[in-house]
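A look at the structure
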Amino acid sequence: MDWLRQLPLGQYVAGRRGWLRRLDPRLKYAWSLAFLLTPILASPWWRLALVGLLLLITLASGLPWRLWRRSVPLLLSLSLVVGLLAAVLPSPREQPQPVQRPPQELQLSQPLPAPPVWELWQAGPLRITRRSAELGVNSATLLFTVMQSANLLLVSTPPEALAWGLTALLAPLAWLGVPVERLGFQLLLALRFLPLVQEELQNLLRAVATRALNLKQLGWRGATNLALAVGERLLANVLLRAEQGAEALQARGGQWRTPSQLRLPPPAAAGLNALALAGLLLLLAIRWSYGSI
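Now for a quick tour of the structure. Please read all numbers here as calculations on a predicted model, not as lab measurements. (Residues numbered from 1 in each chain as written. Predicted model: local features only at pLDDT ≥ 70, side-chain atom pairs only at ≥ 80, totals over all residues. Heavy atoms only, no water.)

1. Comments concerning helix 6 (residues 159–169)
Among all positions of helix 6, only Pro159, Glu160, Ala161, Leu162, Ala163, Gly165 and Thr167 are buried. Buried residues belonging to helix 6 abut helix 1 (25–37), helix 5 (130–156) and helix 7 (180–210). (Buried < 20%, exposed > 50% of the residue type's maximum accessible area, 1.4 Å probe, protein only. Helix = DSSP H or I, 4+ residues; strand = E, 2+ residues; numbered from the N terminus. Contact = heavy atoms within 4.5 Å.)

2. Things to note about the pattern of salt bridges
Enumeration over the complete set of coordinates arrives at 2 salt bridges. Of the charged contacts in the structure, one is a salt bridge between Asp24 and Arg26, with a shortest N-O distance of 3.0 Å. Classification of Asp24 by relative accessible area gives buried; the value is 16%. A residue is classified by how much of its surface remains accessible, and Arg26, at 37% relative accessible area, is partly exposed. Between Glu200 and Arg241 there is a salt bridge; the shortest N-O distance is 3.1 Å. Of this pair, Glu200 sits in helix 7 while Arg241 sits in helix 8 (residues 215–251), and the two are 41 residues apart along the sequence. (Salt bridge = Lys/Arg side-chain N within 4 Å of Asp/Glu carboxyl O.)

3. Remarks on the packing of aromatic side chains
All chains considered together, the criterion is met by 1 aromatic pair. Directly above the ring of Trp65 sits Arg69, whose terminal nitrogen or CZ lies 5.2 Å from the centroid. (Phe/Tyr/Trp six-rings, centres within 6.5 Å; stacked < 30°, edge-to-face > 60°. Lys NZ or Arg CZ within 6 Å of the ring centre and 35° of its normal.)

4. Some thoughts on helix 8
Over its 37 residues, helix 8 extends only 45 Å from the first C-alpha to the last, a length that falls short of the 54 Å expected when each residue adds 1.5 Å. The axis of helix 8 is deflected most strongly, by about 80°, at Arg221. Within helix 8, the full set of buried residues consists of Gly222, Val230, Leu234, Asn237 and Val238. In the core, the buried residues of helix 8 are packed alongside helix 7. (Expected span 1.5 Å × (residues − 1). Bend = angle between axes of the 7 residues up to and from the residue.)

5. Considering the nonpolar core
A general feature of soluble globular proteins is that nonpolar side chains tend to end up buried together. In this structure, Trp31, Phe35, Leu63, Leu152 and Leu283 are the most contacted members of the largest nonpolar core, which totals 24 residues. Looking at this core, the elements with two or more residues in it are helix 1, helix 2 (44–60), helix 3 (65–68), helix 4 (71–88), helix 5 and helix 9 (270–290). Counting residues per element, this core draws most heavily on helix 2, which supplies 5 residues. The contacts of Leu63, once residues within four sequence positions are left out, are Arg17, Gly18, Leu20, Arg21, Trp68, Leu152 and Ser156. If you look at the next biggest cluster of nonpolar residues, it comprises 5 residues, including Tyr29, Leu153, Leu154 and Leu191. (Core = buried A, V, L, I, M, F, W, Y, C linked by side-chain atoms within 4.5 Å.)

6. Re the layout of surface pockets
The calculated volume of the second largest pocket comes to roughly 410 Å³. If you trace the second largest pocket, you find 20 residues lining it, with Trp19, Leu20, Leu23, Trp31 and Ile57 closest to the centre. No other element matches the 6 residues that helix 9 contributes to the lining of the second largest pocket. Its residues assigned to classes, the lining of the second largest pocket comprises 15 nonpolar, 4 polar and 1 charged. (1 Å grid on protein atoms, 1.4 Å probe; cavity = no way out; pocket = protein on both sides within 12 Å on 5 of 7 lines; lining within 4 Å. Points joined across faces, edges and corners; volume = space filled by probe spheres on them. Nonpolar A, V, L, I, M, F, W, Y, C, P; charged D, E, K, R; others polar.)

7. Here's the deal with empty space enclosed by the protein
Over the atoms, a rolling probe the size of a water molecule traces out where space has been left empty. What the rule picks out here adds up to 1 cavity of 30 Å³ or more. Put simply, the largest cavity is a space of about 50 Å³. Lining the largest cavity we find Leu63, Leu67, Trp68, Ser71, Gln148, Asn151, Leu152 and Val155. Of all the elements in the fold, those that place two or more residues in the lining of the largest cavity are helix 3 and helix 5. For the lining of the largest cavity, a count of residues per class yields 5 nonpolar, 3 polar and no charged.

The values reported here are purely geometric and, on their own, carry no functional implication.
Laid out in structure tokens, this is it:
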């Protein structure tokens, strides 16, 4: 029942192995934004290329194998299931638009090429068209790139470094009156709060498992009521933990430290940061030139 603790999703894992840990947090933010923004209005081939690039970065990151040997296959399986459902389920406007004018009006020396096949696969009521296949690829790749890029950022970067990086990137907004330092401190609190949410969920699942409930005997209505009860209890416990954390912070005087005062890891080598920046610029240039093909 401790499988949630064996999947370091959204939690920093201390260690020294891997060049990804020594990369500047601001560059990690920039790479994560590139993985989130470049798929917009991009072709399916570009989205698939981003998935391959993320897998390559994960394999070559130098992180211990135990950190991603379970999370990456699980995330790939989830993305494939979501993409398959999006491809099989019917989507609006599946049929191509009809020809407005009859082809006999065109005087061509050569016949027109045959139109592409619109329906790719069909088995009874289930079928995959060109539009639904593209929707499935977009859904699966977007889910994987969002989850895996955020997970690599959180696993390889301490919460203090993340708060400092966010504050450094948003520093120009301080001239407009935006409380940048408070936003960094709130991010640090949120990252510290994630393990508490995972612990509460783990305890609730363990409590349900110890009661040896038979879901087949409960039926759909009973299973739904059980899931809603667990979710309600999880929300109540999380809000209670948040209230206790706020009371503890107020008991200490309500003082908060700016991200610049936090203890940060040693800076990375300049060559590593320069190489990561060059790779990011190359990725953006390729996206600008060939991402829409």
